[in-house]
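# Summary of the model geometry
The primary structure of each chain is shown beneath.
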Amino acid sequence: MVRIAILSPSVSGGDAVGNDVLGMFGALDRRGHEVRVYAESGSLDGIEVRRASRLGNFLKNPNDLLIYHFSMGWQPGLELMRKLSCKIAVRYHNVTPPEFFTNLSASHEQMGRTGREQLKHIARSRHSLYLSASEYNMRELLEAGAEPSRNFVLPPFHHIDLLDSVNPDPQTLETYGDGQTNILMVGRVVPHKGHTSLIEAFANYYYNYNSNSRLFIVGKQDEAFRAYYELLRRLVSTLNLEQSVIFTGGVTDEELKAYYMISHLFMITSQHEGFCVPLVEAMSMKLPILAYSSSAIPGTVGDAGVVWDERNPLLMAESIDCLMKDEGLRAGLGEKGLTRYRNLFTNRKIEDEFIRILGGLR
């Protein structure tokens, strides 16, 4: 069996990259490979995360394999790949364009700018494989000069199996399972997620259709984006929705499951996604989806929801109302979502495709 290293600038359990790393590690470890995880910072439950600078001590043979998770500008990653003589697979999660961080976080803006610059170099480096999390990501690589025959789409591994196995938090169920219409968005509170559009759409629904409703914004609030979070808070206050727009912050798996269970639909107005795992979580929970079309969102949603090209909060509010008044339509979309999840996005399906793609390495 070959030695395989999984490399990321940083890695932690609970986020999209961390869950993908865990999924890859498990799939390879179960097949008897010697697998190690390397990063500049971070930790994973049950798996040692080694310092990235020591990678060269492990991968010494041409048949060894490096899987590099590319999601931000990181010069040490490029330097490590240049020094190695083994096979290299690039896992492309997408790099958030820097303009989303302008005047909010100089460090994130710089990482985004560097990452978009490095995209061309990585695409043209003729690495052994390119594993994109979505068709949208693969198009970016191909447009940047990657060779089509080396490119494959592989949805990211996720923690939905864990969500299935845990019991929903009873306090969350009791507090919010009160008959109100619950609308859910899951994702970090960061600028490219389009929360202002989300709040504006909900405000139009609340005031024009149903004041017995609430919006849950479930996700971690990064200290680096305090100004963005405060902007959202001011918007909620201006709209007089402090009691109806609920920022939960980071939640446990039990709480997350409860929020999915007590919600009537999942709504997202994000401006940039490389895949968007919460959409798949919603599908697995038979929760109908309402979204604006951007980046990878249409490709991930497929027929499991309503996706609008027009960024119009009035249209979005009317769509919420139509879905809430038509229980059969909501149920039908929920069933389509579950079918799409089972056909394309289970960890078992992803693992089988991952191993099949790696089996073609030359």
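The preceding data block contains the structure.
These lines cover the structure that appears in this document, whether it is placed above or below.

About the criteria used
- Residues numbered from 1 in each chain as written.
- Predicted model: local features only at pLDDT ≥ 70, side-chain atom pairs only at ≥ 80, totals over all residues.
- Heavy atoms only, no water.
- Helix = DSSP H or I, 4+ residues; strand = E, 2+ residues; numbered from the N terminus.
- Rg over C-alpha atoms; globule rule 2.2 N^0.38 Å.
- Buried < 20%, exposed > 50% of the residue type's maximum accessible area, 1.4 Å probe, protein only.
- Pairing = 2+ DSSP bridges.
- Axes fitted to C-alpha atoms, helices over the stretch in contact; angles between N-to-C directions.
- Parallel < 35°, antiparallel > 145°, perpendicular 65-115°, else oblique.
- Left-handed = near helix turned anticlockwise from the far one by under 90°.
- Contact = heavy atoms within 4.5 Å.
- Nonpolar A, V, L, I, M, F, W, Y, C, P; charged D, E, K, R; others polar.
- Core = buried A, V, L, I, M, F, W, Y, C linked by side-chain atoms within 4.5 Å.

## Topic: the overall build of the protein chain
Counting secondary structure elements, the protein chain contains 14 helices and 13 strands. Rg of the C-alpha trace for the protein chain: 21 Å, near the compact-globule value of 21 Å for 362 residues, within the 12% margin. Reported as C-alpha extents along the three principal axes, the dimensions of the protein chain are approximately 65 × 40 × 35 Å. Here the protein chain holds 362 residues, and the buried ones make up 56% of them.

## Quick word on the pairing of strand β10 (residues 245–249)
For a regular strand, side chains alternate in direction, first toward one face of the sheet and then toward the other. With respect to burial, β10 is a largely interior element, five of its five residues being buried. Inspection of the sheet shows strand β9 (residues 213–218) paired to β10 by four bridges, in the parallel sense. Across the sheet, the residue bridging to Ile217 is Phe247, located in β10.

## What to know about the packing of helix α7 (residues 195–208) against helix α12 (residues 313–325)
Closest axis-to-axis distance for the α7/α12 pair is 8 Å, and the angle between their directions is 55°. In terms of orientation, α7 and α12 fall into the oblique class. The interaxial crossing formed by α7 with α12 has right-handed handedness. From α7, Glu200, Ala201, Asn204, Tyr205 and Asn208 reach across to α12, where they touch Pro313, Leu314, Met316, Ala317, Ile320, Asp321 and Met324. Here the contact of α7 with α12 is composed, by residue class, of eight nonpolar, two polar and two charged.

## Quick notes on the nonpolar core
Counting residues in hydrophobic clusters, the biggest one holds 64 residues, and the most contacted among them are Leu184, Phe266 and Met267. Element by element, the count of residues in this core is highest for α7, at seven residues. Listed in part, the 27 residues of the second largest apolar core include Ala5, Leu55, Leu66 and Leu119.

## Overview of the side chain of Ser213
Take Ser213: it is sitting in strand β9. With residues near it in sequence (within four places) discarded, Ser213 still touches Gln180, Thr181, Phe202, Tyr205, Tyr206 and Ser244.

## Overview of unusual backbone geometry
Not every positive phi belongs to a glycine, and Asn94 is a case in point at roughly 90°. As for its placement among the helices and strands, Asn94 is situated in the loop between β5 (87–92) and α3 (106–123). The class of Asn94 is buried, set by a relative accessible area of 6%. We note that Cys276 has phi near 85°; this positive angle belongs to a residue other than glycine. Of note, Cys276 is situated in the loop between β11 (265–268) and α10 (277–284).

## Structural notes on the environment of Val11
Mapped onto the fold, Val11 is located in strand β1 (residues 3–12). Here the alpha-carbon distance between Val11 and Tyr207, two residues 196 residues apart in the chain, equals 42 Å. Beyond its immediate stretch of four places on either side in the chain, Val11 contacts Gly18, Val21, Val37, Ala39, Ser41, Gly42, Ser43, Leu44 and Val49.

## Digging into the sheet that holds strand β3 (residues 49–51)
The strand order across the open sheet built from seven strands is β3-β2-β1-β4-β5-β6-β7, with neighbouring strands paired in parallel fashion. At either margin of the open sheet sits one strand with a lone partner, and together these are β3 and β7 (151–153). Averaged over all adjacent pairs, the angle separating strand axes in this sheet is 30°, with direction ignored. Sheet topology places strand β6 (residues 129–132) next to β7; three bridges connect them, and they run parallel. Directly across from Ser132, in β7, lies its bridge partner Val153. Across the sheet, helix α1 (residues 16–29) touches β1, β2 (34–43), β4 (65–70) and β5, and the angle it forms with β1 is around 165°. The sheet strands contacting α3 are β4, β5 and β6, and the helix crosses β4 at an angle near 150°.

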